[in-house]
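# Descriptive analysis of the structure
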Amino acid sequence: TVFIFYTVVPKKFKWAVLLTASYVFYALNSGKLTVFLLLATAAVYFAGILLDCIAYTSALAKKGLEREEKKKLKTLINYQKKAVVVLTLGFIFGILLTIKYSGFFAGIFNRASEFAGLNFVLPEFKFLMPLGISYYTLQAAGYVIDIYRGKYRASHNFGKVALFLSFFPQITEGPIGRFDDLADPLYEGHGFSYDNLTKGLQLTAWGLFKKMVIADRVNLFVSEVFGNHGGYSGSILLAAGALYTLQIYAEFSGCMDIVTGSAQLFGVPLAKNFERPFFSKSVSEFWRRWHITLGAWLRDYVFYPVSLSPTCIRTGKFARARLGEHFGSFLPTAFALLITWIGIGFWHGAGIKYLIYGLYYYALMMLGMLL
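The sections below set out a description of the structure shown in this document. (Residues numbered from 1 in each chain as written. Predicted model: local features only at pLDDT ≥ 70, side-chain atom pairs only at ≥ 80, totals over all residues. Heavy atoms only, no water.)

Assigned secondary structure in the protein chain consists of 14 helices and 0 strands. Considering only C-alpha atoms, the protein chain reaches an extent of 80 × 65 × 50 Å along its principal axes. For the protein chain, the residues scored as buried account for 44% of the 371 residues in total. Looking at the protein chain as shown, the accessible area adds up to about 20400 Å², and 67% of this sits on carbon and sulfur atoms. (Helix = DSSP H or I, 4+ residues; strand = E, 2+ residues; numbered from the N terminus. Buried < 20%, exposed > 50% of the residue type's maximum accessible area, 1.4 Å probe, protein only. Areas by Shrake-Rupley, 256 points an atom, 1.4 Å probe, with all protein chains shown as cover.)

Rendered as structure tokens:
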């Protein structure tokens, strides 16, 4: 239905069809929780404009200043821009942490309080999760950080930012997009393309095959064995474990094919999220091929900032002088990867098992780097 409307309306209104469809889709699935998506959109939209205003004002103020005065102005401007970014990220991630993780952290605090003999107990709230909140929060954060870094100027079109964060094919499971890649294809409008139509439908059909024919069928066997593991032999358990791996891949990559194929109908290219991960030669390579956009987001906005921080640089110099070149580069990388993998663990869910999941892969990667 959306594709038909998109095809027949004039080019200048095509973006409005996608935005309307995205919010109808979201409201049908999330109801009043749509307000959280609107809050995140408004927060990063106004933060982006404010960052642009600060940069413009500083450019005007620099004219005619002496060198020392320019340094002082630069320090003040950097402080203002960092304050805007920190407050904005605190707001949008605060919503995510409250809704998704507050119950988990409150539970940990209460168990620790009980163990210590204290009587202080925090309420463990369980909130209904807004659809795709983890995905659109990361996209929103990336938008603000990229403007702060000077990668591009902020958009003064609220609809453009809103469509970027709410585009209905990708909001539930990604891939995690970048504004400079997606904004123009989403907003400019595309005429009917036989190539986009046929390739989009083929990719969607292939995704449905992986999801419904492979993953859903395998799930019948896996659920039975995992649910009654005491009644099956070791060979059956091993087969279930291997098939569960196939199920996860067919489920997630199948959904990505459906998403990518659906977006292609509208002429919108989405980032690739899987690149034959089981042909990888190492754990590190596997994670560069699996959920690619999540890994890329964490690399650009978590790993690099941590590894290039003054603390990590000093640690690297210290280790290089006393332990050699290998450990000089290994220790800062290991610390940055620890923060990254803790993030990946919690990304998948609020629970100790998800933290262990992240640290498990972190340990494997560290062994690979050491050996």
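With that settled, the discussion passes to the pattern of salt bridges. For the coordinates displayed, the defined rule picks out 12 salt bridges. A salt bridge links Asp 195 to Lys 199; the nearest nitrogen and oxygen atoms lie 3.5 Å apart. You can see Asp 195 and its partner Lys 199 sitting in helix α8 (residues 194-227), 4 residues apart, about one turn around the helix. The exposure class assigned to Asp 195 is partly exposed, which follows from its relative accessible area of 39%. Put simply, Lys 211 and Glu 251 hold a salt bridge, and the shortest N to O gap is 3.4 Å. (Salt bridge = Lys/Arg side-chain N within 4 Å of Asp/Glu carboxyl O.)

Our focus in this paragraph is the packing of helix α5 (residues 133-149) against helix α11 (residues 292-307). Packed helix pairs are specified by the crossing angle of their axes together with the interaxial distance, meaning the distance between the axes. In contact at an axis separation of 12 Å, α5 and α11 are set at 45° when each is read in the N-to-C sense. Between α5 and α11, the angle is such that the two are oblique. Viewed along their axes, α5 and α11 form a crossing whose handedness is left-handed. Counted together, Leu 138, Ala 141, Gly 142, Ile 145, Asp 146 and Arg 149 of α5 and Leu 294, Trp 297, Asp 300, Tyr 301 and Pro 305 of α11 form the full contact between these two elements. Split into classes, the residues belonging to the contact of α5 with α11 amount to 7 nonpolar, 1 polar and 3 charged. (Axes fitted to C-alpha atoms, helices over the stretch in contact; angles between N-to-C directions. Parallel < 35°, antiparallel > 145°, perpendicular 65-115°, else oblique. Left-handed = near helix turned anticlockwise from the far one by under 90°. Contact = heavy atoms within 4.5 Å. Nonpolar A, V, L, I, M, F, W, Y, C, P; charged D, E, K, R; others polar.)

At the junction of Gly 174 and Pro 175, the peptide bond is cis and its omega measures out at 5° in the coordinates. The phi torsion at Arg 276 lies on the positive side, around 45°, for a residue other than glycine. Mapped onto the elements, Arg 276 comes out in the loop between α9 (234-265) and α10 (283-289). Non-glycine residue His 291 carries a positive phi angle of around 50°. Summarising the element assignment, His 291 is placed in the loop between α10 and α11. When its relative accessible area of 3% is taken as the criterion, His 291 is described as buried.

As for its placement among the helices and strands, Lys 151 is situated in the loop between α5 and α6 (158-166). Overall, the relative accessible area of 45% leaves Lys 151 in the partly exposed class. Separated by 21 residues in sequence, Lys 151 and Thr 172 have C-alpha atoms that sit 27 Å apart. Setting aside residues up to four positions removed in sequence, Lys 151 forms contacts with Asp 146, Arg 178 and Asp 180. Among the polar contacts listed, one links the side chain of Lys 151 to the side chain of Asp 180, at a separation of 3.3 Å. (Polar contact = N/O pair within 3.5 Å; in protein donor to acceptor, adjacent residues only side chain to side chain.)

Here we come to the environment of Ile 356. Note that Ile 356 resides in helix α14 (residues 352-370). In sequence terms Ile 356 and Gly 345 are 11 residues apart; their C-alpha atoms lie 7.2 Å from each other.

For Lys 211, the location among the structural elements is in helix α8. Relative accessible area serves as the criterion here: at 18%, Lys 211 is assigned to the buried category. If near-sequence neighbours (up to four positions away) are discounted, Lys 211 is found in contact with Asp 216, Ala 250, Glu 251 and Cys 255.

Summed over all chains, the structure comprises 38 aromatic pairs. Between Phe 25 and Phe 168, the ring centres sit 6.1 Å apart and the planes meet at 50°, which makes this aromatic pair tilted. Of this pair, Phe 25 sits in helix α2 (residues 14-30) while Phe 168 sits in the loop between α6 and α7 (179-188), and the two are 143 residues apart along the sequence. The class for Phe 25 is partly exposed, based on a relative accessible area of 28%. With centroids separated by 6.0 Å and ring planes inclined at 50°, the aromatic side chains of Phe 105 and Phe 346 adopt a geometry described as tilted. Within this pair, whereas Phe 105 is found in helix α4 (residues 67-115), its partner Phe 346 is found in helix α13 (residues 325-347), the two being separated by 241 residues in sequence. Using a relative accessible area of 42% as the deciding quantity, one classes Phe 105 as partly exposed. (Phe/Tyr/Trp six-rings, centres within 6.5 Å; stacked < 30°, edge-to-face > 60°.)

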